[in-house]
Amino acid sequence: MANQFIHQEYLVAGNNFNSAGSASEAVKSTLKKMGVASSDIRRVAIAMYEGEINMVIHAGGGIALVDIYYDKINILLNDKGKGIADLEKAMQPGYSTAPEEVQRLGFGAGMGLPNMKKYADVFDIQSEVGVGTTVKMTIYFG
Amino acid sequence: MKISELSAYIDGTIVCNADKADKEVYSAFSSDMMSDVLAFVLDQGVLITGLINPQIVRTALMMDIECIVVVRGKTPDAAIISLAEANGIVIVTTKKNMFETSGRLYSAGLKA
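Residues numbered from 1 in each chain as written. Chains lettered and ligands numbered in written order. Predicted model: local features only at pLDDT ≥ 70, side-chain atom pairs only at ≥ 80, totals over all residues. Heavy atoms only, no water.

### Some words on the layout of surface pockets
In plain terms, the rule: Site definitions follow a grid-based scheme: protein atoms alone, a 1 Å grid, a 1.4 Å probe that fits but cannot get out for cavities, and for pockets an open set with protein on both sides within 12 Å along at least five of seven lines, plus lining residues having an atom within 4 Å of a point. Grid points are joined across faces, edges and corners, and a volume is the space filled by probe spheres set on the points. Counting from the N terminus, the helices are DSSP H or I runs at least four residues long and the strands are E runs at least two residues long. Each residue is assigned to one of three groups, with Ala, Val, Leu, Ile, Met, Phe, Trp, Tyr, Cys and Pro labelled nonpolar, Asp, Glu, Lys and Arg labelled charged, and all others, Gly among them, labelled polar.
Size it by volume and the largest pocket reaches roughly 570 Å³. Asn54, His58, Ile84, Thr97 and Leu113 of chain A are, among the 33 residues lining the largest pocket, the residues nearest its centre. Mapped onto the lining of the largest pocket, the elements with two or more residues apiece are helix H2 (38-59), strand E3 (72-79), helix H5 (112-119) and strand E5 (132-140) of chain A. Of the residues assigned to the lining of the largest pocket, the class counts are 17 nonpolar, 12 polar and 4 charged. Size it by volume and the second largest pocket reaches roughly 370 Å³. Along the walls of the second largest pocket sit 16 residues, with Lys28 and Lys32 of chain A together with Leu61, Asp64 and Asn87 of chain B positioned nearest its centre. Mapped by element, the contributors of at least two residues to the lining of the second largest pocket are helix H1 (22-34) and H2 of chain A together with helix H3 (55-62) of chain B. Along the lines of polarity and charge, the residues of the lining of the second largest pocket split into 6 nonpolar, 4 polar and 6 charged.

### Comments concerning the sheet that holds strand E1 (residues 6-13) of chain A
Think of a sheet as strands paired side by side through backbone hydrogen bonds, with each pair either parallel or antiparallel. Residues and elements named next belong to chain A. Quick note on the threshold: In this analysis, strands are considered paired if DSSP registers two or more bridges between them. Note on method: axes are straight lines fitted to C-alpha atoms, helices fitted across the in-contact stretch only, with angles between N-to-C directions ranging 0 to 180 degrees. Any two residues whose heavy atoms approach within 4.5 Å are treated as being in contact.
One open sheet holds the 5 strands; their spatial order is E1-E2-E3-E5-E4, and the pairing between them is antiparallel. Each edge of the open sheet is held by one strand with a lone partner, namely E1 and strand E4 (122-128). Across the sheet, the axes of successive neighbouring strands diverge by a mean angle of 10°, strand direction being ignored. The pairing of E3 with E5 spans 8 bridges and is classified as antiparallel. Opposite Asp79, over in E5, you have Thr133 as the bridge partner. Across the sheet, H1 lies against E1, strand E2 (61-68) and E3, angled at about 160° from E1, the strand it touches most. Here H5 sits on the sheet and contacts E3, E4 and E5; the angle it forms with E4, its principal contact strand, is near 145°.

### Structural notes on the packing of H1 of chain A against H2 of chain A
Residues and elements named next belong to chain A. Stated formally: Here the word oblique covers every angle except those under 35 degrees (roughly parallel), over 145 (roughly antiparallel) and from 65 to 115 (roughly perpendicular). Take the far helix as your reference; a near helix turned counterclockwise from it by less than a right angle gives a left-handed crossing, and one turned clockwise gives a right-handed crossing.
Viewed as axis vectors pointing N to C, H1 and H2 meet at an angle of 165°, and their least axial separation amounts to 8 Å. Between H1 and H2, the angle is such that the two are roughly antiparallel. Here H1 and H2 pass one another in a crossing that is right-handed. Note on element contacts: H2 touches H1 through Ile41, Val44, Ala45, Met48, Tyr49 and Glu52, opposite Ser22, Ala23, Ser24, Val27, Lys28, Leu31 and Lys32. Among the residues forming the contact of H1 with H2, the class breakdown is 8 nonpolar, 2 polar and 3 charged.

### Remarks on the pattern of salt bridges
Using the following cut-off: In the sections that follow, a salt bridge refers to a side-chain nitrogen of Lys or Arg positioned within 4 Å of a carboxyl oxygen of Asp or Glu. Buried, partly exposed and exposed residues are distinguished by accessible area as a fraction of the type maximum, computed with a 1.4 Å probe on protein chains only: under 20%, between the cut-offs, and over 50%, respectively.
One pass over the full model with this rule turns up 14 salt bridges over all chains. A salt bridge links Glu25 of chain A to Arg58 of chain B; the nearest nitrogen and oxygen atoms lie 2.6 Å apart. Residue Glu25 of chain A is found in helix H1, and its partner Arg58 of chain B is found in helix H3; the two belong to separate chains. Overall, Glu25 of chain A belongs to the buried group, its relative accessible area being 18%. A residue is classified by how much of its surface remains accessible, and Arg58 of chain B, at 6% relative accessible area, is buried.

### Here's the deal with the sheet that holds strand E2 (residues 28-30) of chain B
Residues and elements named next belong to chain B. Taken in spatial order, the 5 strands line up as E1-E5-E4-E3-E2 in an open sheet, and their pairing is mixed. The sheet is open, and its two edges are formed by strand E1 (13-16) and E2, each paired on a single side. Each adjacent strand pair in this sheet contributes to an overall mean axis angle of 25°, direction not counted. Sheet strands in contact with H3 are strand E3 (46-49) and strand E4 (67-70), and its direction is about 150° off that of E4. Taken strand by strand, helix H5 (residues 98-107) contacts E2, E3 and E4, and its axis lies near 150° from that of E3.

### Thoughts on the side chain of Lys96 of chain B
Here Lys96 of chain B is to be found in the loop between strand E5 (90-93) and H5. With residues up to four places along the chain from it excluded, the contact list for Lys96 of chain B reads Ile10, Asp11, Val71, Arg72, Thr101 and Arg104 of chain B.

### Notes on the interface of chain A and chain B
Applied cut-off: Throughout, buried area stands for the accessible area (probe radius 1.4 Å) lost by two parts on being put together, summed over both. Two N or O atoms count as a polar contact when they lie within 3.5 Å, although within protein this holds only if one can serve as hydrogen donor and the other as acceptor, and sequence-adjacent residues are included solely when both atoms are side-chain atoms.
On the chain B side, the residues contacting the 27 residues of chain A number 22 residues. Around 1,900 Å² of area is buried between chain A and chain B when both sides are counted, 53% of it from carbon and sulfur atoms. Considering only the surface of chain A that becomes buried against chain B, Glu25, Arg42 and Tyr49 of chain A emerge as the three largest contributors, covering 31% of it. Taken together, the connections running from chain A to chain B amount to 4 salt bridges. Where chain A packs against chain B, one counts 17 residue pairs in polar contact (both at pLDDT 80 or more).

Written as structure tokens, this is what we have:
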């Protein structure tokens, strides 16, 4: 059992705000079918959805690689966007560089990265200006 | 209260998943910022918002919110409604503003 897993890859389109979150929606549905506890599904859904939204509003899209095991999920989000100049600042709740138009869409309150860190059991972010950003998250079930 | 009762308190219209209007809801969260919904909602079953784009449905879905109340007389478009329909989320629209909607529902017994 321990080495059985589902691997899923999603392209997160950067030019379509309306479709942002569809990868998280699909992962949520897979976990539900697997019978994962709803509180764990919620943590996965929030962390991944925040990541997807970030890639769409800041980075022109990216990819999401998801590995689901019986006891955990690994999520890797990778984009070739502009990168984050000051990671320490970006991790502070309420700090946002999102333009006003993004805030009119209901996002960019500076809660995305802190929220991802809060709900993931393991959270790692690497970013280089002009190169892109990679977020790795693990969430354990149960 | 049932979603159908909630709708009546705010002179609302149920625009999708009317067959689920018998569901009981106990608490609500009011916000136009979906970021804040993702950061602050715990187990609230109702989202009261004046924002209309498909992300209100995605946000509700991620947070296991069963009912979205769209305030200030705004009309969700077909894309929003079909996404809500597919995910079993009831949408109620009302002409009332967010303050009055929240106040009426709070007075009627919905918790924060």
